[in-house]
Structure formats: structure tokens, C-alpha cells
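Coordinate analysis (summary)
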Amino acid sequence: MITFDILTIFPKLFEPFKKESLLARGAKKKLLKIQAHNLRKWSTDRHGTIDDKPFGGGLGMVMKIEPVYRAVAELQRKNRLSGGSPTRRKSKIILFTPRGKKFDQAMAHDFSKQSQLIFICGRYEGVDERIAKKIADVELSIGDYVLMGGEVPAMAVIEAVSRLIPGVIGKPQFLKERLGKGRKKGFLEYPQYTRPEIFRARLAKGGQAIEWRVPKVLMSGDHKKIEEWRAMHGRTIGK
Ligand code: ADE
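Described below are features of the structure shown in this document. All values derive from a computational prediction rather than experimental measurement.

Scanning the chain from N- to C-terminus turns up seven helices and 11 strands. Radius of gyration (C-alpha) of the chain: 23 Å, far over the 18 Å computed for a compact globule of 239 residues. Summarising its shape, the C-alpha atoms of the chain cover approximately 70 × 50 × 30 Å along the three principal directions. Taking all 239 residues of the chain together, the buried fraction comes to 38%.

Now for unusual backbone geometry. At the junction of Arg195 and Pro196, the peptide bond is cis and its omega measures out at 5° in the coordinates. Looking at the secondary structure, you find Pro196 in the loop between β8 (187-189) and β9 (198-202). In this structure, Lys30 is a non-glycine residue whose phi angle is positive, near 60°. Topologically, Lys30 is positioned in the loop between α2 (21-28) and β2 (32-38).

Here the focus is the sheet that holds strand β7 (residues 138-141). Strands sit in the order β2-β1-β6-β5-β7 across an open sheet of five strands; the sheet is parallel. Only two strands of the sheet have a single neighbouring strand rather than two, namely β2 and β7. Adjacent strand axes in the sheet meet at a mean angle of 30° when their direction is disregarded. Of the strand pairs in this sheet, strand β5 (residues 91-102) and strand β6 (residues 116-121) are connected by six bridges, and their pairing is parallel. Counted as the bridge partner of Ile94 is Phe119 from β6.

Our next topic: the site of the ligand. All residues adjacent to the ligand are Phe96, Thr97, Pro98, Leu140, Ser141, Ile142, Gly143, Tyr145, Val146, Leu147, Gly149 and Pro153. The contact in question runs from a nitrogen atom of the ligand to an N or O atom on the backbone of Gly143, over 3.1 Å. Within the backbone of Leu147, a nitrogen or oxygen atom sits 2.9 Å from a nitrogen atom of the ligand. About the coverage of the ligand: the protein hides 97% of its 260 Å² of free accessible area. Taken together, the elements giving at least two residues each to the shell around the ligand come down to β5 and β7. By residue class, the composition of the shell around the ligand is eight nonpolar, four polar and no charged.

Between side chains of opposite charge, a pair can form as their charged atoms come close. What the rule picks out here adds up to 12 salt bridges. The residue Asp110 makes a salt bridge to Lys92 at a minimum N-O spacing of 3.7 Å. Placement of Asp110 in helix α4 (residues 105-111) and of Lys92 in strand β5 is noted, with a sequence separation of 18 residues between them. Judged by its relative accessible area of 33%, Asp110 falls in the partly exposed class. On the basis of relative accessible area, Lys92 is assigned to the partly exposed category, the value being 22%. The residue Arg213 makes a salt bridge to Glu211 at a minimum N-O spacing of 3.0 Å.

Cut-offs applied
- Residues numbered from 1 in each chain as written.
- Predicted model: local features only at pLDDT ≥ 70, side-chain atom pairs only at ≥ 80, totals over all residues.
- Heavy atoms only, no water.
- Helix = DSSP H or I, 4+ residues; strand = E, 2+ residues; numbered from the N terminus.
- Rg over C-alpha atoms; globule rule 2.2 N^0.38 Å.
- Buried < 20%, exposed > 50% of the residue type's maximum accessible area, 1.4 Å probe, protein only.
- Pairing = 2+ DSSP bridges.
- Axes fitted to C-alpha atoms, helices over the stretch in contact; angles between N-to-C directions.
- Near = heavy atom within 4 Å.
- Polar contact = N/O pair within 3.5 Å; in protein donor to acceptor, adjacent residues only side chain to side chain.
- Areas by Shrake-Rupley, 256 points an atom, 1.4 Å probe, with all protein chains shown as cover.
- Nonpolar A, V, L, I, M, F, W, Y, C, P; charged D, E, K, R; others polar.
- Salt bridge = Lys/Arg side-chain N within 4 Å of Asp/Glu carboxyl O.

Dropping the structure here:
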């Protein structure tokens with residue numbers, strides 16, 4: 001069982017996300033647990049303040065360290081208490097920021113072996129640097145672009161990690177990276193087609209239909225040729 005503990009000021013964003021699809025089924029089977037927590041709960045004042053002005057001046061607000069520190073301490077304590085096995089202690093704290101290390105499939109595998117992942121979703125113009133340096137184990141980015149916060153990155157990581165938890169995806173064969181020898185070798189993601197073999201599209205009203213066909217080799221029954229075609233047109237993920 002992996003617990004995803006998300007620290008955010010928008011916990012409601014995760015409600016529909018966790019109720020749908022394979023994640024909901026995984027939660028029902030007790031393979032994973034997604035808990036979004038409102039960071040304001042750990043604020044140190046009555047107003048639920050979680051940000052403040054930057055020292056040295058500058059535009060915008062900075063996420064404060066106290067609420068994050070208190071939240072992480074409480075969530076880690078809960079995780080330790082919730083099970084007796086040593087794996088219970090396997091907890092990682094992840095801060096989402098566009099300047100972080102680029103998230104990839106190898107990290108997803110590593111995370112899937114943890115018992116708890118605590119996600120700190122930065123918002124505003126940034127977070128107090130002590131959160132990055134002293135609290136987080138790793139700063140993660142999901143790509144070289146700037147989002148409005150870490151919530152969508154957290155969802156991306158939850159999906160990538162959850163599908164690697166045995167039992168979350170229906171049959172183990174569906175986990176493509178399991179097919180080859182050694183998961184670290186990555187797997188080939190190649191183009192796929194299904195019926196109809198010929199699809200007729202009419203691009204302009206009254207215009208002539210054009211045919212979009214499935215590559216012939218895929219219907220040839222020649223497995224060696226099909227494999228070669230897939231290798232040529234695919235891309236290896238997670239190497
Ligand atoms: N926060 C804002 N942009 C981000 C990104 N690209 N990855 C992770 N966290 C972010």
C-alpha cells in the first residue's frame with residue numbers, strides 16, 4: 001500500500017481525480033491511498049496564512065516554512081504509526097517546482113517502492129528556500145514550462161507511480177515494461193491500429209473521401225517483420 005499525501009491549498013482538485021478510473025479501484029483494493037490535505041490546516045495563525053512577503057523585497061508572495069514543516073511532521077508520524085513493518089518508514093518528500101529534476105520512468109519505479117509519498121504543491125511565486133533545501137528529499141519538475149502550481153504535476157506523478165503498483169492495472173501483462181527482461185531496460189511504445197483497416201474521411205463537405213489505411217505489414221502475419229516495423233516506428237520509454 002502506498003499513501004500519497006498531498007499538501008496543497010486546493011485539495012478539492014483531487015476529489016474527482018481520485019474517484020475515477022483505476023485509481024479508485026486501486027484504492028478500493030487497498031493498494032493505494034490518495035489524501036489531499038489543505039495546507040492552511042497547519043497555519044500558525046487564525047487566518048490560515050501560508051504565505052508572506054519575500055525578504056529583500058520583490059513582487060509576489062512566498063510560501064512559508066512553518067505550515068509545511070508541521071504538516072510533514074504530522075503526516076510522517078501517522079505513516080510510521082499506521083503499520084509495523086520496516087517498509088512503513090519508506091517515505092519520500094517531493095517538492096514540485098519548474099526548476100526541479102525532470103521526472104521520468106526510472107523515478108516512477110523508485111517511488112513505487114515507497115510506502116508514503118508526500119507532495120508539496122508550491123503555489124504563488126515560490127516557496128521559502130528552506131522548504132526545498134531542508135524539508136524536501138527531491139525537487140521535481142514535470143517539464144520545462146511553468147504551471148500555476150504543483151497540483152497537476154502531483155497528479156501526473158500519482159498516475160505514473162500507481163500503474164506500477166502490482167494489481168492496480170488489471171492484468172500484469174498490461175504493464176508493458178514488465179514484458180522485457182529487467183524493467184530498467186525500458187519498453188518500446190509503438191504505433192497501434194485497430195479496425196477498420198480502411199477509414200474513409202471526407203475533409204470538405206461534398207468533397208472526395210480519402211482513405212486512411214492501416215500499414216500493410218501489420219496484417220501480414222509475419223511476426224518478425226511486424227517486430228521490425230514496430231522497432232522502427234516506436235520509441236523506447238524509461239531506459
Ligand atoms: N510548478 C510549476 N510548474 C511546474 C512544473 N513544470 N513542474 C513541476 N512543478 C511545477
